[in-house]
Amino acid sequence: MSEFQTLAEAVVKGDIKTAVAETQSALDAGSKVQSILDKGLIAAMDEVGDRYSKGLIFVPQMLRSAKTMKECMKLLQPFFREGDITSKGKVLIGTVKGDLHDIGKNLVAMMMEGAGFEIIDLGVDVPPEKFVQKAQEVEPDIVGMSALLSTTMPSMPKTIEALLKAGVRGKVKVMIGGAPVTEKYAQEIKADSYASDAGSAVSKAKELLGVS
Amino acid sequence: MEIPTFQPQLKVLSREQALSIHAAALEILEKIGFKMEHPGALEMLADAGGKVSNGDRVRLPAYLVENALSSAPRQIDLYDQKGNKTIPLANGNSFYGTGSDATFTLDLETGERRRTILKDVGNFAKLVDALENIAFAMSMANPEDVPVEDIYVYVFAEMVKNTNKPVVFIADSGRDIAKIYNIACMVAGGEEELRRKPFILNYSEAISPLRFPRNVMEKLIFCAGKKIPICLPSGCNAGGGAPVTLAGAMALGIAENLVGLVVHQLAGKGSPFLFGPNVSVLDMKSTVVSYGCPEWSLTQAALADMRDEIYGLPIWAFAGASDAKVMDAQAGAEAMFSIISAKLSRCNLVHDVGFLEYGSTSSLEMVTMASELVAMSRFFGGGVLVNEETLALEAIERVASGDPGSMFLTDDHTFEHFMQAQFLPKLLDRSRYDSWEEAGATDLYKRCNIEAKRILSEHQVEPKPDEVLQGIAGVLQGH
């Protein structure tokens, strides 16, 4: 990470001002956008993720780093559209129909974004047809569903069923999570993956798409 | 000469602190407002003087809160299913019970953590029925083997079949709560009997911050109309649904409770409402909501002080739970910490006894242990009885000036008083090493396992009459 060391350190520390300035100066100096992203921002977030999983830092510190990365990404965003850089994958995410809880889902979205995924967040109480419609529109690699209540869990298989009927299921990987959700339940409803928390959601998503 | 016994108690807030948190809660309601997604409740609030904007945003003037606080009853009595008043919630009385909706349980035979089934609900209810210090039942399970749309109806039916103690129940919406109410009426012997001697209390949750979903309000309004006691915390865990600082999290949780109370009293003036925001913390490493943290005990002790200073309503609390995955030393330490502090801060209805894994796993052994820990804290909370008999000067004189070999152990005073004067543990082991080893060298988990098994095989729950059982079957079959 030597080339972008100051940038990466700023992201790790969650120093938004320095990180944004470093990103801008890297762009001004003509650095490749993909390199800034991969060797600067994502490398820093990998380091953050590593520190977190070793118990060296706490969630708010990790999220501050993610926020810092997001601010830097705003400067890189124009280049996304020009096709200069690619994300790890596109993730469509939402809390399922009938469920209005979003803290867990938001955490997963932020962590995945920090790891280099592109996130399309549908919010809460998302009906199957909305998942389908948006999936057809943005063609995600992963559809992620969250539920906190056991009574809303049946919306997960219903959504999978709807994706199947619309002919989308084969084109996406389905990930599920939430307090009452289990590995066994994921198998029963034929989801591709289950993650027990935001950190493991990132590694499971990478596994599913075969990226590192 | 009668000397009143001082009841040891914990005070954690000054009056000034209590009033500041209350003022912040009122400011949240007046200035920030909340999202009310139930059209009927929205209309009631608007008619009463709430300011509605952007469709479902409401701001509440403080006088509506004052009105609701003055019409809500200050004492709530819960009865057992045979009509005995067993839970008089007033002043600083504390009653402990289990929790709801655990995804997993520790299997009593194998010790393994597995998904819960309906039979577990029955076992927990039966254990509660037998345990002296556990006063009410909650489901302790979210069973995977019943139709999910009626999960709470099945769970409630299973509880009333397996205990005659009061039941705190969960429902999903206005639809299933009506079915549960039907069953409760059958058990009580009619609607009027249930109203007079309620054995049920509903636990519902709004969503922090400041969001009141339609299905939750349906239950609140249903309970207000039927005079079913209810509590409505909202999961304002510090750092999760609420600010990370405890004062702000409490202010938010209290504001949310007050919204519930206002709607509740508008829908059914004088109906019973238990106060309690449930302010735990979101753990900053794992993002779980902690069930073993000192913060939750501290915020509910603070709430108890606010009850005494301001609200006057009985409060809802938690204790006897843990974040540990197995019933180990951590589980014992965390359970005891919350049980004794709930007792000393005079919390009223104390739930979640017997939870492991931040409320995701229930354990029959843990409930069994907690019953003894509650007994221990009750003993401590009883204080030191001081009178002529307990000062025992005569006994001292007898032993000190008596024959050689005379001792307190053989003195009549000891024989007459030891059962009350001492806490006599049943499961906590004080035996000498050799006897402990001979008896199998068991740890507390093992002894609680044996005791829970013994209770489940020996305890007889007084069965419900056949017509009640048939009525319940009818409700479950959708009649």
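So, how was this worked out
- Residues numbered from 1 in each chain as written.
- Chains lettered and ligands numbered in written order.
- Predicted model: local features only at pLDDT ≥ 70, side-chain atom pairs only at ≥ 80, totals over all residues.
- Helix = DSSP H or I, 4+ residues; strand = E, 2+ residues; numbered from the N terminus.
- Rg over C-alpha atoms; globule rule 2.2 N^0.38 Å.
- Buried ≥ 20, exposed ≤ 12 C-beta atoms within 10 Å, placed from the backbone.
- Contact = placed C-beta atoms within 7 Å.
- Domains from an automatic or database assignment.
- Axes fitted to C-alpha atoms, helices over the stretch in contact; angles between N-to-C directions.
- Parallel < 35°, antiparallel > 145°, perpendicular 65-115°, else oblique.
- Left-handed = near helix turned anticlockwise from the far one by under 90°.
- Pairing = 2+ DSSP bridges.
- Expected span 1.5 Å × (residues − 1).
- Arc of directions from axis to C-beta.

### Observations regarding the overall build of chain B
Per the secondary structure count, chain B includes 18 helices and 17 strands. Taken over C-alpha atoms, the radius of gyration comes to 24 Å for chain B, in line with the 23 Å a tight globule of 479 residues would show. Here the C-alpha coordinates of chain B stretch approximately 90 × 55 × 50 Å along the principal axes. When burial is assessed residue by residue, chain B has 51% of its 479 residues classed as buried. In chain B, the share of contacts with a sequence separation of at least 24, taken over all contacts with a separation of at least 6, comes to 74%.

### Things to note about the overall build of chain A
Summing up its helical and strand segments, chain A has nine helices and five strands in all. Helices and strands in chain A line up, N terminus first, as α-α-α-α-β-α-β-α-β-α-β-α-β-α. The C-alpha atoms of chain A give 18 Å as radius of gyration, which agrees with the globular expectation for 212 residues (17 Å, within 12%). Each principal axis of the C-alpha atoms in chain A carries an extent, and together these give about 50 × 40 × 30 Å. Burial analysis of chain A (212 residues in total) assigns 49% to the buried set. Pairs at least 24 residues apart make up 73% of the contacts formed inside chain A by residues separated by at least 6 positions.

### Re the domain arrangement of chain B
Taken domain by domain, chain B holds domain 1 (70–382) and domain 2 (388–421). The straight-line distance from the C-alpha centre of domain 1 of chain B to that of domain 2 of chain B is 45 Å.

### Side note on the domain arrangement of chain A
All names here are of chain A. Assigned domains of chain A: these are domain 1 (2–81) and domain 2 (90–209). Here the C-alpha centroids of domain 1 and domain 2 sit 26 Å apart. Of all the secondary structure elements, the ones that give two or more residues to the side of domain 1 that touches domain 2 are α3 (33–53) and α4 (59–81).

### Digging into helix α1 (residues 5–13) of chain A
Within the sequence span of α1(A), burial applies to Leu7(A), Ala8(A), Ala10(A), Val11(A) and Val12(A). Taken from the residues just after α1(A), Gly14(A) is the one with a positive phi, measuring 80°.

### Comments concerning the packing of helix α3 (residues 62–71) of chain B against helix α9 (residues 246–267) of chain B
Residues and elements named next belong to chain B. One can describe the packing of α3 onto α9 by two numbers: an axis separation of 9 Å at closest approach and a directional angle of 70°. In terms of axis orientation, α3 runs roughly perpendicular to α9. As α3 packs across α9, the resulting crossing turns out to be left-handed. Residue-level inspection shows Leu64, Val65, Ala68 and Ser71 of α3 in contact with α9, the latter providing Leu258, Leu261, Val262 and Gln265.

### Quick word on the sheet that holds strand β13 (residues 273–274) of chain B
All names here are of chain B. Read across the open sheet, the four strands follow the order β9-β10-β12-β13; overall the sheet is parallel. Only two strands of the sheet have a single partner each, and these edge strands are β9 (167–169) and β13. Pairing of strand β10 (residues 200–203) with strand β12 (residues 230–231) involves two bridges; the strand directions are parallel. Within β12, the position partnered with tyrosine 203 by the bridge is cysteine 231.

### So, unusual backbone geometry
Residues and elements named next belong to chain B. Note the cis peptide between serine 208 and proline 209, where omega equals -10°. Assignment of secondary structure puts proline 209 in the loop between β10 and β11 (211–212). Located in the positive-phi region is asparagine 278, a residue other than glycine, with phi close to 55°. Residue position: asparagine 278 is located in the loop between β13 and α10 (294–311). A positive phi is found at alanine 392, a non-glycine position, where the angle reads about 55°. By the secondary structure assignment, alanine 392 is in the loop between α13 (388–391) and α14 (393–401).

### Observations regarding helix α1 (residues 15–32) of chain B
Residues and elements named next belong to chain B. Taking 1.5 Å per residue as the helical rise, α1 with its 18 residues ought to reach 26 Å, and the 25 Å between its terminal C-alpha atoms agrees with that figure. Of all the positions in α1, only Ala18, Ile21, His22, Ala25, Ile28 and Leu29 are classed as buried. One side of α1 carries all its buried residues, which in axial view fall inside an arc of 110°. Away from its buried face by more than 90 degrees, α1 exposes Arg15, Glu16, Ala23 and Lys31. Buried-residue contacts for α1 involve β3 (57–59), α3, α9 and α10. One or two residues past the end of α1 sits glycine 33, with phi positive at roughly 80°.

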